[in-house]
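# Per-entry structural report
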Amino acid sequence: MSVLVIGAGGAVGKRLVAALSARGERIVAVDRAPELPESLRSKVTHAVTNADVRDFSTINRIFKRHRFVHTVWNLAAPLSVETALNPTVAEQVTVNGMRNVLWAMYEARIPKIMFTDSIGSFGATAPRDDCTARWLTEHPLQDPGSDYGRQKRAVRRLLHEFWRTGGDPRWAVLPGVLHSESAWGKGTTEYALEALLAAATNEPFVCRVDPEVRLPMIFVDDLMRGLLSLQDTDARSLREPERGYCIPGFSFTANELFDEIQLHVPDFKVTVELDPNMDKFSRLWPDTLSTREPRDDLGYEPRVGLREMVFKVLMAHRERLAAQS
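So, how was this worked out
- Residues numbered from 1 in each chain as written.
- Predicted model: local features only at pLDDT ≥ 70, side-chain atom pairs only at ≥ 80, totals over all residues.
- Heavy atoms only, no water.
- Patch = residues over 30% accessible without salt bridge, like charges linked within 9 Å, V, L, I, M, F, W, Y side chains within 5 Å.
- Areas by Shrake-Rupley, 256 points an atom, 1.4 Å probe, with all protein chains shown as cover.
- Salt bridge = Lys/Arg side-chain N within 4 Å of Asp/Glu carboxyl O.
- Helix = DSSP H or I, 4+ residues; strand = E, 2+ residues; numbered from the N terminus.
- Buried < 20%, exposed > 50% of the residue type's maximum accessible area, 1.4 Å probe, protein only.
- Axes fitted to C-alpha atoms, helices over the stretch in contact; angles between N-to-C directions.
- Left-handed = near helix turned anticlockwise from the far one by under 90°.
- Contact = heavy atoms within 4.5 Å.
- Nonpolar A, V, L, I, M, F, W, Y, C, P; charged D, E, K, R; others polar.
- Pairing = 2+ DSSP bridges.
- Phe/Tyr/Trp six-rings, centres within 6.5 Å; stacked < 30°, edge-to-face > 60°.
- Lys NZ or Arg CZ within 6 Å of the ring centre and 35° of its normal.

## A closer look at a nonpolar patch on the surface
On the surface, V270, V272 and L274 cluster together into a nonpolar patch covering about 220 Å² of accessible area. Within the secondary structure, V270 is located in strand β12 (residues 270-272). V270 gets classed as partly exposed once you look at its relative accessible area, which sits at 31%.

In structure tokens form, the structure reads like this:
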């Protein structure tokens, strides 16, 4: 039996494939790119490239060919700013893509689907602190304040319908994901990734969010532990509505991040020029996520904080840059 990962070549997908491979899983990696990153090729059993989730015939063909699958991860979705710039395409990928995946899974009789939701699902009326996935299920009509959040809500509705047909959908609300990859998409919390890379390359940084706004983030190693815990936990132990869980890490403001960076790069220079979309989203989203539900039901707690994250990411960037020079 295998795990099928859609969006395997993305920042989260690459780490998820590596984590699954490290524990001996057989992996079917699906991605829209012409080829998988070289670092993944030895970790997967099968690779399916040039695959567009918007095309049902393509997705259905993949599931017919790979029937011995116990879990599907659908990571195919644009980030917040990408969605704001082209909401029509984003909806086709995020919502219609998930509809195609669920229908193909239903025909192939594969019940377990994993979906990564986002703090972008919370709008202005959501709590600022200790937010839970339960709140989203209890307030299905709240306005997330963005196409990005509304599309995530539409996917949760599709997952609920899949559950009613006997499926086992599980979804994780992700904070901003911090890692040491050299490339990423256009999101809001990605300002932190840009700042860390600028510091590692001794370049000035232009901050596009209010430096006093606090946002929840997570280091990718913690995220992998949380996601795999959600995948592995017996369904009878998942007590949260619709099997949705926040995967918490730690929260900080941009100024707190810059102070920590300057302990390693004293000459790190920052100016502030707000981006309208990034500024809007950062003010809508919560300050912190609840740790109780994932701890009690999944046995997950974050381990990496701000100081350790900054050290790990800066060192990884410097090692990669040194190897390239």
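## Thoughts on the packing of helix α3 (residues 56-65) against helix α5 (residues 87-108)
Geometrically, a packed helix pair is captured by the angle between its two axes and the distance between the axes. Put simply, α3 and α5 touch, their axes get as near as 9 Å, and they point 35° apart. α3 and α5 meet at a crossing whose hand is right-handed. Contacts between α3 and α5 involve F56, I59, N60 and F63 from the former and N100, V101, W103, A104, M105, E107 and A108 from the latter. When its residues are assigned to classes, the contact of α3 with α5 shows 8 nonpolar, 2 polar and 1 charged.

## A short note on the pairing of strand β5 (residues 112-118)
Counting buried residues along β5, 7 of its 7 residues qualify, which places the element largely inside the surrounding structure. Of the two faces of β5, the one lined by K112, M114, T116 and S118 and the one lined by I113, F115 and D117 are each fully buried. Here 3 bridges tie strand β4 (residues 69-74) to β5, and the two strands are oriented parallel to one another. Residue N74 lies in a different strand from β5, and its bridge partner there is F115. In the sheet, β5 pairs with strand β6 (residues 168-174) via 7 bridges, with the strands oriented parallel. Across the sheet, the residue bridging to D117 is V173, located in β6.

## Brief notes about the packing of aromatic side chains
With the rule as written, the count across this model stands at 8 aromatic pairs. Between F205 and F258, the ring centres sit 5.9 Å apart and the planes meet at 65°, which makes this aromatic pair edge-to-face. Of the two residues, F205 is situated in strand β8 (residues 205-207) and F258 in helix α10 (residues 254-262); the sequence distance between them amounts to 53 residues. Residue classification places F205 among the buried positions, given a relative accessible area of 6%. An aromatic cluster of at least three residues, connected via ring pairs, comprises Y148, F281 and W285. The side chain of R109 reaches across the aromatic face of Y106, ending 5.0 Å from its centre. The ring of W171 is capped by R156, whose NZ or CZ atom sits 5.6 Å from the centre of that ring.

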